[in-house]
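# A closer look at the structure
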Amino acid sequence: QVQLVESGGGLVQAGGSLRLSCAASGRRVSTYALGWFRHAPGEEREFVGGISSRGSTTYRDSVKGRFTISRDNSKDMVYLQMDRLKPEDTAVYYCVADMNSISTAPALIDYWGQGTQVTVSS
């Protein structure tokens, strides 16, 4: 079992930045792939990005060049640095973990955090 707790959400103006943090706990967290999904009102839950246990990253196209995922295995933490934010980035952001890679399909993800709200005003 892995428990995930997000923090760092809030309200920011378009063009601004936010950094989300996720504290992971459980056995062998460093061996899990970690990542982020988001869920906007009226939309499907969607993949944002993932980072493997070795540090390889993947992102959805709309956030490439603006968002950066990193992890600190010594602290069992994963981060999502979001720059040049847009109103369409407004959503609840979820930290996720998986024993394998982070799938883009929400149904295939093993563990979810409770989510943190990010609101980008225009």
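The structure under discussion appears in the preceding block.
Presented here is a report on the structure given in the accompanying data block.

## Quick word on the pattern of salt bridges
Per the stated rule, a full pass over the model turns up 5 salt bridges. With a shortest N-O distance of 2.6 Å, E46 and R38 are connected by a salt bridge. Accessibility expressed as a relative area gives 24% for E46, which makes it partly exposed. For R38, a relative accessible area of 6% corresponds to the buried category. Here K64 makes a salt bridge to D61, at a shortest N to O gap of 3.1 Å. For D61, a relative accessible area of 63% translates into the label exposed. Three or more residues are tied together by salt bridges with common partners; here these are R38, E46, R60, R66 and D89.

## Side note on the state of the cysteines
Here the structure, examined in full by the defined rule, presents 1 disulfide. Disulfide pairing places C22 opposite C95 at an S-S distance of 2.1 Å. Classification of the bridge connecting C22 and C95 rests on its S-S torsion, roughly -85 degrees, and on that basis the disulfide is left-handed. In this pair, C22 sits in strand β3 (residues 18-26) while C95 sits in strand β9 (residues 91-98), placing the two residues 73 residues apart along the sequence. Taken as a pair, C22 and C95 share a single burial class, namely buried.

## Side note on the sheet that holds strand β8 (residues 77-82)
Sheets are built from strands paired through backbone hydrogen bonds, the pairs being either parallel or antiparallel. Here we have 4 strands laid out as an open sheet, ordered β1-β3-β8-β7, and antiparallel in their pairing. The strands lining the two open edges of the sheet, one partner per strand, are β1 (2-7) and β7 (67-72). Across the sheet, the mean angle from the axis of one strand to that of its neighbour is 20 degrees, orientation sign disregarded. Pairing analysis gives 6 bridges linking β1 to β3, with the strands arranged antiparallel. Residue pairing across strands places E6 opposite C22, the latter belonging to β3.

## Digging into the pairing of β3
Pairing analysis gives 6 bridges linking β3 to β8, with the strands arranged antiparallel. Along β8, the bridge assignment pairs S21 with Y79.

The rules behind each value
Residues numbered from 1 in each chain as written. Predicted model: local features only at pLDDT ≥ 70, side-chain atom pairs only at ≥ 80, totals over all residues. Heavy atoms only, no water. Salt bridge = Lys/Arg side-chain N within 4 Å of Asp/Glu carboxyl O. Buried < 20%, exposed > 50% of the residue type's maximum accessible area, 1.4 Å probe, protein only. Disulfide = S-S within 2.5 Å. Helix = DSSP H or I, 4+ residues; strand = E, 2+ residues; numbered from the N terminus. Pairing = 2+ DSSP bridges. Axes fitted to C-alpha atoms, helices over the stretch in contact; angles between N-to-C directions.

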